[in-house]
Amino acid sequence: MTMKLQLFQKKKEYVLMHRKTPVLLFTCDPLTLTVTSMIETYNPLHLSIGIRKGGRIQISLLQQWLKDRMIPESAIDLQKTLNALSVSDYRDLFFKAYGISLSDTYWFMEKGQHISWLAISPYHHSYDLSSFMAARFTGSPQPASAAISPSIMLDGNQKKAWIQENDHFLLYKGSDDPYHMDPIHHWLAGRIAELLDLHVCRYEVRTWQDEIVSVCPCFTKEHTDAVSVSSILSSISSRPYQLSIDSFIRALQDHQIKDAEKKISDMLLLDYLMMKPDRSLKDMAVEIDARNGQWLDMIPSYSYSHTLGSLIQEHQMEHYEHQAVCRLFNASSISFESMLPYIHFTDYDLSSLKKIPLEYGNKLVEYQQSTGMSNHRIELQYQLIYKRVRSVLKAARASRRIIQ
């Protein structure tokens, strides 16, 4: 009897909010993030896409949606971060910050609390972003204010943190590859996007406290939500949804997304060029108007970690280009060549790619002290991107001959 009472007391009632609008009352165990019941739906039109399936709310989806909003337990140096913030459990961070995020406008509070959207919105409330970043990247002790931050709602294993500069939010992202190439590869993706005018996020490389990081702007605005394609598709049917490139393009077109085919072509061209090993459904997102649910645009492609063989050891690099396969959407172990029919080569002036290998090599040399890469590794990386550019140019010539 005592044990049952203790378990019951762990459960608390929370109100899920969408900006100023109450959406859902549910019970959750804050120690485990286990959702036990959904008590009442206040405004079903404001329910997040990610917690509905076949038009119905599901406890399992709500629970997964909550967990996906925060730093995972597997994140690099998470315990050091918790120690720096004087927090005993990573889930405590979630509740301290009311689940507030810069990726969307959802948050929650305990039933009975009286908190306004303006009081906690990152666009109206000032958070101690720099102290959280210091805790996340260095593990140095920080004031209690650092534990309440939208940076807590950044998923993935890499070190990440939001910083505000000149009234703009910027995302600082570290690396989890052994050669610390991820920030350089994010810069490279942005540089290629700049040359070819691709719908891809622009990154720059910086060093912070002697650690190399990539920096990019926030994808959303005060009135918009970023919703992953994975969440969108999970809400369509109760069965596993097998997404194809064609069906995704049709979905974007059905929601009046401008230049949908071109944007998918942009993504696949860069994925092919940089040998992205996994383009999962969580790696793509749609920007949605939080006020009316309208699809506004496809979020620029933004995930280029683990590309160009950054996880491959030096002695395996020589044959890597011909042996590598990728996972595209729901399909696994497919060749990169399967992307080529969906790339509209005539849309691009690919001659500008010829300068990329040298720029990439120079960037690797510039940050060699931070990455610790050997000269031999840099040479192998240069050769790989040189071969990829040649492959793209060859595929473009073949495509033009077919068209003619």
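Conventions used here
Residues numbered from 1 in each chain as written. Predicted model: local features only at pLDDT ≥ 70, side-chain atom pairs only at ≥ 80, totals over all residues. Heavy atoms only, no water. Phe/Tyr/Trp six-rings, centres within 6.5 Å; stacked < 30°, edge-to-face > 60°. Helix = DSSP H or I, 4+ residues; strand = E, 2+ residues; numbered from the N terminus. Buried < 20%, exposed > 50% of the residue type's maximum accessible area, 1.4 Å probe, protein only. Patch = residues over 30% accessible without salt bridge, like charges linked within 9 Å, V, L, I, M, F, W, Y side chains within 5 Å. Areas by Shrake-Rupley, 256 points an atom, 1.4 Å probe, with all protein chains shown as cover. Salt bridge = Lys/Arg side-chain N within 4 Å of Asp/Glu carboxyl O. Pairing = 2+ DSSP bridges. Contact = heavy atoms within 4.5 Å. pLDDT = per-residue confidence, 0-100. Axes fitted to C-alpha atoms, helices over the stretch in contact; angles between N-to-C directions.

**Some words on the packing of aromatic side chains**
Counted under the stated rule, the structure contains eleven aromatic pairs. With 5.5 Å between their ring centres and 85 degrees between their planes, Trp-65 and Tyr-106 make a pair best called edge-to-face. Placement of the pair is Trp-65 in helix α2 (residues 59-67) and Tyr-106 in strand β6 (residues 106-110), with a sequence separation of 41 residues. For Trp-65, a relative accessible area of 10% corresponds to the buried category. Residue classification places Tyr-106 among the buried residues on the basis of a relative accessible area of 5%. Taking the centre distance of 5.6 Å and the plane angle of 85 degrees together, the rings of Tyr-123 and Phe-169 count as edge-to-face. Residue Tyr-123 is found in the loop between α5 (117-120) and α6 (129-138), and its partner Phe-169 is found in strand β8 (residues 168-173); the two are separated by 46 residues along the sequence. Taking the relative accessible area as the measure of exposure, Tyr-123 reaches 28% and is therefore partly exposed.

**Describing a nonpolar patch on the surface**
There is a patch of nonpolar side chains on the surface, built from Leu-358, Tyr-382 and Tyr-386 and spanning about 290 Å² of accessible area. Within the element layout of this structure, Tyr-386 appears in helix α14 (residues 375-403). Judged by relative accessible area, Tyr-386 falls into the partly exposed class, the value being 41%.

**Structural notes on the pairing of strand β7 (residues 160-165)**
Two strands pair when backbone bridges link them, and β7 and β8 are joined in this way by six bridges, in the antiparallel orientation. Considered in β8, the bridge of Lys-160 is made with Lys-173.

**Looking at α6**
With eight of ten residues buried, α6 lies mostly within the body of the structure. For α6, every residue scored as buried is listed here: Leu-129, Ser-131, Phe-132, Met-133, Ala-134, Ala-135, Arg-136 and Phe-137. Elements in contact with the buried residues of α6: α3 (78-84), β7, β8, β9 (204-208) and β10 (211-217). The first or second residue beyond α6 is Gly-139, which carries a positive phi of 75 degrees.

**Considering the pattern of salt bridges**
Per the counting criterion, the structure on display carries 21 salt bridges. Asp-68 serves as the salt-bridge partner of Lys-282, at 4.0 Å between the closest nitrogen and oxygen. Of the two residues, Lys-282 sits in the loop between β12 (278-279) and β13 (285-289) while Asp-68 sits in the loop between α2 and α3, which places them 214 residues apart along the sequence. Here Lys-160 makes a salt bridge to Asp-155, at a shortest N to O gap of 3.9 Å. Judged by its relative accessible area of 13%, Lys-160 falls in the buried class. A relative accessible area of 43% places Asp-155 in the partly exposed class. In the salt-bridge network here, residues are joined through shared partners; they are Asp-77, Lys-159 and Glu-211.

**Topic: unusual backbone geometry**
Look at Arg-19: it is not a glycine, yet its phi comes out positive at around 55 degrees. Structurally, Arg-19 can be placed in the loop between β1 (12-18) and β2 (21-29). Owing to a relative accessible area of 16%, Arg-19 belongs among the buried residues under this scheme. The backbone of Tyr-98 shows a phi angle near 60 degrees, a positive value even though the residue is not glycine. With relative accessibility at 24%, the residue Tyr-98 sits in the partly exposed group.

**Concerning the pairing of strand β11 (residues 224-228)**
Look at any regular strand and the pattern is simple: side chains alternate between the two faces of the sheet. Here β11 lies mainly inside the structure; four of its five residues are buried. Relative to β13, β11 runs antiparallel, the two being bridged by five bridges. Pairing of Asp-225 across the sheet is with Ile-288, part of β13.

**Examining the confidence of the model for the chain**
Summing up the model confidence of the chain, the mean pLDDT is 89 and the portion of residues at 70 or higher is 94%. For residues 1-8, every residue scores under 50 in pLDDT, and the model assigns this stretch zero contacts once sequence neighbours within four places are set aside.

**What to know about the sheet that holds strand β3 (residues 34-41)**
Here we have four strands laid out as an open sheet, ordered β3-β2-β1-β6, and antiparallel in their pairing. With one partner strand each, in any of the chains shown, β3 and β6 form the two edges of the open sheet. Across the sheet, the mean angle separating the axes of adjacent strands is 30 degrees when strand polarity is ignored. As judged from the seven bridges shared by β1 and β2, these two strands associate in the antiparallel manner.

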